[in-house]
Amino acid sequence: MASCFVGSVSLKGRVGVSRACGRGGVGRTSVVRMATTTTGWGRTATEEELKTELPKLFVYDHCPYCVKCRMAFGLRGEKYDLYFLANDDAVTPTKMIGKKVLPILSVSGDAMGESMDIIAKIEGDSPVLKPATGRTDVKEWLAKTTDTQRMLTRPRLAKTPLAEFQTK
């Protein structure tokens, strides 16, 4: 059971991405933090940058609730550390919030689950995401098509070349 990590992400400047994933075997992979800069490669971080602890968001790449949380950070242009967990890693989320559910936001060691609670924490008093419209036609369409959507997407997700599905 291994976890995958993608380094600090910000939409205000370059987006740096580095994946370190464990495949098979016993035990866990070490987490690798990638330095990202807006001024180019090879720059040394300032003391202030080294002291700054970014919020950590633990996600599955295939999870729509995780995408929603990533979108909230992105629309606000805030930096955060993004961790992709392997789909079979039950230990990491259970240690953090008591069950295998993502997304999880960890700030200064305090972890929380539930995408809408995470978004509320990210947005505070100045929301960027608009509230639900309450459109009944959309609700009716979703109710009619949910089972079909699941039958079409779920078998295909496990076959996509996402790192979170590569450990079994």
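Reading guide: rules and limits
Counting restarts for each chain: residues are numbered from 1 in the order of the written sequence. Per-residue local features of the predicted model are confined to residues with pLDDT of at least 70, and side-chain atom pairs are confined, for both listing and counting, to 80 or more; whole-chain, interface and lining totals are unaffected and use all residues. Heavy atoms from the whole structure form the basis of all side-chain values; hydrogens and water molecules are not counted. Secondary structure follows DSSP: runs of H or I at least 4 residues long count as helices, runs of E at least 2 residues long count as strands, and numbering of each begins at the N terminus. Only protein chains enter the accessibility calculation, which uses a 1.4 Å probe; a residue whose area is less than 20% of its type maximum is buried, one above 50% is exposed, and one in between is partly exposed. For this analysis, residues touch if any pair of their heavy atoms sits within 4.5 Å. The protein chains shown are the only cover counted for residues, whose accessible areas, like all others here, come from Shrake-Rupley with a 1.4 Å probe. For every residue, the predictor states its confidence as a pLDDT score lying anywhere from 0 to 100. Any two strands with at least two DSSP-identified bridges between them are counted as paired.

Details of the overall build of the protein chain
Item 1. The secondary structure content of the protein chain amounts to five helices and five strands.
Item 2. Shown N-terminal to C-terminal, the secondary structure of the protein chain runs as helices and strands in the order β-α-β-α-β-α-β-β-α-α.
Item 3. When each of the 168 residues of the protein chain is scored for burial, the buried share is 33%.
Item 4. Considering only contacts within the protein chain whose residues lie at least 6 apart along the sequence, 63% involve residues at least 24 apart.
Item 5. Entry remark: accessible area of the protein chain is about 10900 Å², with carbon and sulfur atoms responsible for 56%.

Comments concerning the confidence of the model for the protein chain
Item 1. Per-residue confidence for the protein chain gives a mean pLDDT of 79; residues scoring 70 or more make up 76%.
Item 2. Residue range residues 10-37 is modelled with pLDDT below 50. Its contacts to residues more than four positions away, or to other chains, number 65 contacts.

Quick word on the pairing of strand β4 (residues 104-107)
Item 1. Relative to β4, strand β2 (residues 56-59) runs antiparallel, the two sharing three bridges. Paired with Lys56 across the two strands is Ser106, which belongs to β4.
Item 2. As paired elements, β4 and strand β5 (residues 110-112) share three bridges and run antiparallel to each other. For Ser106, the partnering residue across the bridge sits in β5 and is Ala111.
Item 3. What sits between the antiparallel neighbours β4 and β5 is a turn of two residues, in which Ser108 has the positive phi angle 50°.

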